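Chain and residue survey
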Amino acid sequence: MRQALFTLALAAALPVLAQTQAPTFQIKTLTPETALVAAQAALASCRAQGFQVGVAVVDRSGLTQVFLRDRFAGAHTLQVATDKAWTAASFRTSTLDLANETQAGKPMSGIRNTPRMLAIGGGVVIEGGGSIYGAIGVSGAPGGEADDACAKAGIKAIADKIEF
């Protein structure tokens with residue numbers, strides 16, 4: 001009897017629950033051309049400072065849209081820049097902030113064991129007009145803060161295109 005009443009109540013509630021959730025949603029993504037402009041600007045910013053880097057731009061799901069590697073950037077920059085961008089997109093926060101929040105002894109330190117997760121500066125979320133478009137990751141400058149500054153230069157180059 002109790003089971004039947006529960007089933008009846010659930011059946012009556014389903015139409016109301018279904019109406020509270022939209023059946024579809026829309027997302028905004030960067031065009032490949034805009035992602036390329038961001039990557040080129042980040043690369044140029046680092047190059048102007050004498051740094052040879054790799055730059056990755058990923059969509060909001062962490063899938064690579066663009067990767068650029070300067071001619072003398074280390075072989076590791078391909079994986080590291082991509083993983084920094086993936087981390088920023090996945091956790092929806094900069095990798096520099098994650099580096100601080102996931103240090104040993106902090107409550108979130110365990111997420112450093114997540115595959116591909118890199119808690120070092122250089123991965124920055126690309127957002128504008130209330131939407132997250134993806135992230136940019138830079139690897140190869142001397143330190144996470146320098147990588148981060150180059151990534152932000154890449155975002156600055158496209159800010160007028162994504163801010164509404």
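Residues numbered from 1 in each chain as written. Predicted model: local features only at pLDDT ≥ 70, side-chain atom pairs only at ≥ 80, totals over all residues. Heavy atoms only, no water.

**Topic: the overall build of the protein chain**
Stated formally: Only runs of H or I of at least four residues qualify as helices and only runs of E of at least two qualify as strands under DSSP, and these elements are numbered from the N terminus. Here the term buried applies to any residue with accessible area under 20% of the maximum for its type, exposed to any over 50%, and partly exposed to those in between, with areas from a 1.4 Å probe on protein chains only. The contact criterion used throughout is that any non-hydrogen atoms of two residues lie within 4.5 Å. All accessible areas in this document rest on Shrake-Rupley with a 1.4 Å probe, and a residue is counted as covered only by the protein chains that are shown.
The number of helices and strands found in the protein chain is 5 helices and 4 strands. In the protein chain, which comprises 164 residues, the proportion classed as buried is 40%. Looking at the protein chain alone, contacts between residues at least 24 apart form 63% of all its contacts between residues at least 6 apart. Accessible surface, the protein chain: about 9300 Å² in total, of which carbon and sulfur atoms supply 59%.

**Some words on unusual backbone geometry**
Positive phi outside glycine occurs at arginine 92, with the angle close to 55°. Turning to its location among the elements, arginine 92 is positioned in the loop between helix H3 (77–91) and helix H4 (95–101). The backbone of arginine 116 shows a phi angle near 75°, a positive value even though the residue is not glycine. Tracing the backbone through its elements, the reader meets arginine 116 in the loop between H4 and strand E3 (123–128). Of the residues examined, arginine 116 reaches a relative accessible area of 35% and is grouped as partly exposed.

**Focus on the packing of helix H2 (residues 32–48) against helix H5 (residues 144–162)**
Applicable threshold: Axes here mean lines fitted to C-alpha atoms, for a helix over just the part in contact, with angles spanning 0 to 180 degrees between N-to-C directions. Oblique is the label for any angle not under 35 degrees, not over 145, and not in the 65 to 115 range, which are roughly parallel, roughly antiparallel and roughly perpendicular in turn. Rotating anticlockwise by less than a right angle from the far helix to the near helix defines a left-handed crossing, while the corresponding clockwise rotation defines a right-handed one. Three residue categories are used. Nonpolar comprises Ala, Val, Leu, Ile, Met, Phe, Trp, Tyr, Cys and Pro, charged comprises Asp, Glu, Lys and Arg, and polar comprises the others, including Gly.
At their nearest, the axes of H2 and H5 sit 7 Å apart, and the two run at 140° to each other. Between H2 and H5, the angle is such that the two are oblique. For H2 against H5, the interelement crossing comes out right-handed. Packed against H2, whose contacting residues are Thr34, Val37, Ala38, Ala41, Ala42, Ser45 and Cys46, the element H5 presents Cys150, Ala151, Ala153, Gly154, Ala157, Ile158 and Lys161 at the interface. Across the contact of H2 with H5, the residue classes break down as 10 nonpolar, 3 polar and 1 charged.

**So, the pairing of E3**
The condition is simple: Following DSSP output, two strands are said to pair if at least two bridges run between them.
Where burial is concerned, most of E3 is hidden: 5 out of the 6 residues are buried. As paired strands, E3 and strand E4 (residues 131–139) are joined by 6 bridges and run antiparallel to one another. Residue glycine 128 lies in a different strand from E4, and its bridge partner there is serine 131. Between E3 and E4, which pair antiparallel in sequence order, lie 2 residues; one of them, glycine 129, sits at a positive phi of approximately 60°.

Keep in mind these numbers describe shape, not what the thing actually does.
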